[in-house]
Amino acid sequence: MSAALAVAADKPNLLVIMADDLGYGDVSAYGATALHTPHIDRLAADGLRFTSGYCTASTCTPTRYSFLTGSYAFRRKGTGIAPPNGHLVVPPGALTIAGIAKAAGYRSAVIGKWHLGLGLEGKGPDWNGVIAPGPRELGFDYNFLLPTTNDRVPQVYVENDRVLNLDSRDPLWVGNNRPGGEHPTGISHRDTLKMDWSHGHNGTIHNGISRIGFYTGGKTARFRDEDLADKWIEKSNAWLEANRTRPFFLFFASHDLHVPRMPHERFQGATTLGYRGDSIIQLDWCVGELMKTLDRLGLAEKTLVVLCSDNGPVMDDGYKDGALEKRGNHRPGGPFRGGKYSVYEGGTRTPFITRWKGRIKPGVSTQVVATIDLAASLAAITGTPLPAGACLDSFDVSGALLGVPGARGRAHLVQQDNGGTGNFGFRVGDWKLVRADTEEANNEIVERPLQRTSVPRFQLFDLAKDPAETSNVLAQNPVIGDRLKAELAALIAAGRTRP
Ligand code: NG6
Ligand code: CA
């Protein structure tokens, strides 16, 4: 009997905690010494800490797309970073991890950052009306969302298909161009900002912070950046409480530590690293609160918890919050090169922890697993059949996730940067091919402000000897290089990798 079938008998709840822009080296369980993350460390100590746990893209929207659909985002156009008025990029009706959970008899919810667009193609979200399609058309029973990212407008919550607390006498308008009349922006009223911008992010001002895009109205619906984490926990606790008696899947999509980093006042100054570090502490607090809730409801032994990130770290991502200046010796990408926007390891290799009390033997795993695999793995764990045309690149790595002795992770993984630019990383065993279809890429953004540099078309690294990808050994290994180039091209052309 496979590891997955052995557990199908008692279906575990699934709690996926996805951090935003959290790097491999950003938590003490993965070697950070400049700050301490006791709750994440406890999760790691009680569970399995992966040293080769990945997301599939080095930006948010494509990773979330592939996490939900089990298919690589580069297979579908329009899955790059979603704009404020973007439509839902997952086709309604596509089988998602939430749909798999539903088929297995689970209730499911997404609480936190969405950033996959809302509403119909060609229309986008109807902010003042019914906002659909959205998560509920993808299999979720409940959603409580920050629609995009908090550096994009608007700062309102979407609960199920409505903007929460919207007063119809003050309609919400969202657009790409500055509205007429008196409308303060990050450019016109820069000296009034509580946090200055460094690139982009100079549109409408809300809560003393200027954003990408413009909006007016919806005043009663607007939230404070400082309160996001508390709200996610409040809503998650209520939902867990209400769904404690049946199997559930909760996608807890934290906004920490994405810009604008504006943690709650009680976390401001918690580290010496500025608000970037303080936001990590806020994330850690959230993890602790969720674990407390599972304990209180007697669910720790019935719940598979997965902690992951949507892409690697970035320092200056558009606001002058001191992340770069205050970093000291902190290495947000740990030993790896690159970060957010890069197909070097730092862009997609992140903290990745699984915990299931009483089921997973605590330890460290070197198996390769990725967020995209949670869909097929949940299907396997719950004994739910996967239609052949769904989850095209999701592998059942449930054995590796649960730490079953001898169980293997994936044999290969394609890493991408933002949607459609055609830069790929391809890890096969310890070999790593980097293929750049563009002439420039944002590779070293962890250490520098946004800057594109020219890159060779192909590079090859031996991750066993050179995890930091410093020495391109393509010339010395032409046969391996050619094999990987051909395999990557074939995987892309085949349209699927799941057998
Ligand atoms: C970029 C933004 C960056 C961030 C990113 C999305 C600029 C210059 N940069 O376009 O600040 O918002 O999009 O991040 O505007 S992600 O984690 O959601 O993918
Ligand atoms: Ca992100």
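Since this is a predicted model, take the numbers as computed values, not measurements. (Residues numbered from 1 in each chain as written. Chains lettered and ligands numbered in written order. Predicted model: local features only at pLDDT ≥ 70, side-chain atom pairs only at ≥ 80, totals over all residues. Heavy atoms only, no water.)

Peer 1: Can you break down the domain arrangement of the chain residue by residue, with the values?
Peer 2: Assigned domains of the chain: these are domain 1 (3-168 + 222-410) and domain 2 (413-494). For domain 1 and domain 2, the distance between their C-alpha centroids amounts to 25 Å. The interface is formed by 37 residues belonging to domain 1 together with 31 residues belonging to domain 2. Summed over both partners, the interface of domain 1 with domain 2 buries about 2900 Å², with 54% contributed by carbon and sulfur atoms. In terms of surface lost to domain 2, no three residues of domain 1 exceed Phe-74, Val-343 and Tyr-344, which account for 25% of the buried area on that side. At the junction of domain 1 with domain 2, the criterion picks out one salt bridge. Between Lys-432 and Glu-345 there is a salt bridge whose closest N-O contact spans 2.8 Å. Linking domain 1 to domain 2 there are 17 residue pairs in polar contact (both at pLDDT 80 or more). The class makeup of the residues in the side of domain 1 that touches domain 2 is 19 nonpolar, 10 polar and eight charged. (Domains from an automatic or database assignment. Contact = heavy atoms within 4.5 Å. Buried area = accessible area lost by both parts, 1.4 Å probe. Salt bridge = Lys/Arg side-chain N within 4 Å of Asp/Glu carboxyl O. Polar contact = N/O pair within 3.5 Å; in protein donor to acceptor, adjacent residues only side chain to side chain. Nonpolar A, V, L, I, M, F, W, Y, C, P; charged D, E, K, R; others polar.)

Peer 1: I'd love a proper account of the site of ligand 1, names of residues and values included.
Peer 2: The full set close to ligand 1 counts 18 residues, and Cys-60, Asp-151, Arg-152, Asp-317 and Lys-340 are the nearest of them. Asn-311 is positioned such that a nitrogen or oxygen atom in its side chain is 3.4 Å from an oxygen atom of ligand 1. Interatomic distance of 2.8 Å between a side-chain N/O atom of Lys-340 and an oxygen atom of ligand 1. With the chains in place, 85% of the 460 Å² that ligand 1 exposes on its own is no longer accessible. In terms of residue class, the shell around ligand 1 is made up of four nonpolar, seven polar and seven charged. (Near = heavy atom within 4 Å. Areas by Shrake-Rupley, 256 points an atom, 1.4 Å probe, with all protein chains shown as cover.)

Peer 1: Got a sec to walk through the sheet that holds strand β15 (residues 412-416)? Specific residues and values, please.
Peer 2: Spatially, four strands are ordered β15-β16-β17-β20 in an open sheet, and the strand pairing comes out antiparallel. Looking along the sheet, the strands with just one partner apiece sit at the ends: β15 and β20 (458-462). With direction set aside, neighbouring strand axes in the sheet form an average angle of 15°. Two strands pair when backbone bridges link them, and strand β16 (residues 423-428) and strand β17 (residues 431-436) are joined in this way by six bridges, in the antiparallel orientation. Paired with Phe-424 across the strands is Arg-435, a residue of β17. (Pairing = 2+ DSSP bridges. Helix = DSSP H or I, 4+ residues; strand = E, 2+ residues; numbered from the N terminus. Axes fitted to C-alpha atoms, helices over the stretch in contact; angles between N-to-C directions.)

Peer 1: Please give an account of the sheet that holds strand β4 (residues 142-146) that cites residues and values.
Peer 2: Spatially, 10 strands are ordered β6-β5-β4-β3-β11-β1-β12-β13-β2-β14 in an open sheet, and the strand pairing comes out mixed. The open sheet has two free edges, formed respectively by β6 (162-163) and β14 (363-370), since each of these has just one partner strand. With three bridges joining them, strand β12 (residues 303-309) and strand β13 (residues 353-355) adopt antiparallel strand pairing. In the sheet register, Leu-307 faces β13, and the bridge partner there is Ile-353. Its contacts with the sheet put helix α2 (residues 38-46) on β2 (48-54), β12 and β13, and the angle it makes with β13 is roughly 65°. Relative to strand β1 (residues 13-19), helix α3 (residues 60-69) is tilted by about 170°, and along the sheet it contacts β1, β3 (107-113), β11 (248-253) and β12.

Peer 1: Describe in detail the coordination of the calcium ion (ligand 2), supporting the description with residues and values.
Peer 2: Reference values for coordination geometry: four tetrahedral donors around a metal ideally subtend 109.5 degrees, six octahedral donors ideally subtend 90 or 180 degrees. Surrounding the calcium ion (ligand 2) are the protein donor atoms Asp-20 (OD), Asp-21 (OD), Asp-310 (OD), Asp-310 (OD) and Asn-311 (OD1), which sit 2.2 to 2.7 Å from the metal. In this structure, the calcium ion (ligand 2) is coordinated by six donor atoms arranged in irregular fashion, with angles at the metal of 51 to 170°. The sequence pattern formed by the donor residues of the calcium ion (ligand 2) is D-D-x288-D-N. Residue Asp-21 is located in the loop between β1 and α2, and its partner Asp-310 is located in the loop between β12 and α7 (345-348); the two are separated by 289 residues in the primary sequence. Taking relative accessible area as the criterion, Asp-21 reaches 1% and is therefore assigned buried. Relative accessible area serves as the criterion here: at 0%, Asp-310 is assigned to the buried category. (Donors = N, O, S within 2.8 Å, 3.2 Å for Na, K, Ca; no water. Tetrahedral: all angles 85-135°; square planar, octahedral: opposite > 155°, others 65-115°. Buried < 20%, exposed > 50% of the residue type's maximum accessible area, 1.4 Å probe, protein only.)

Peer 1: Give me the lowdown on the pattern of salt bridges, citing residues and values where you can.
Peer 2: Tallying each qualifying case throughout the model produces 36 salt bridges. Residue Asp-227 pairs with Arg-224 through a salt bridge whose shortest N-O separation is 2.9 Å. Owing to a relative accessible area of 26%, Asp-227 belongs among the partly exposed residues under this scheme. Assessed through its relative accessible area of 32%, Arg-224 is described here as partly exposed.

Peer 1: Talk me through the packing of α2 against helix α6 (residues 275-296); I want residue IDs and the actual numbers.
Peer 2: Orientation of α2 relative to α6, taken along the N-to-C sense of each, is 55°, at an axis distance of 7 Å. In this view, α2 runs oblique relative to α6, as classed from their interaxial angle. In this structure, α2 uses Pro-38, His-39, Ile-40 and Leu-43 to contact α6, whose residues at the interface are Leu-283, Asp-284, Trp-285, Val-287, Gly-288 and Met-291. For the contact of α2 with α6, the class distribution of residues is seven nonpolar, two polar and one charged. (Parallel < 35°, antiparallel > 145°, perpendicular 65-115°, else oblique.)

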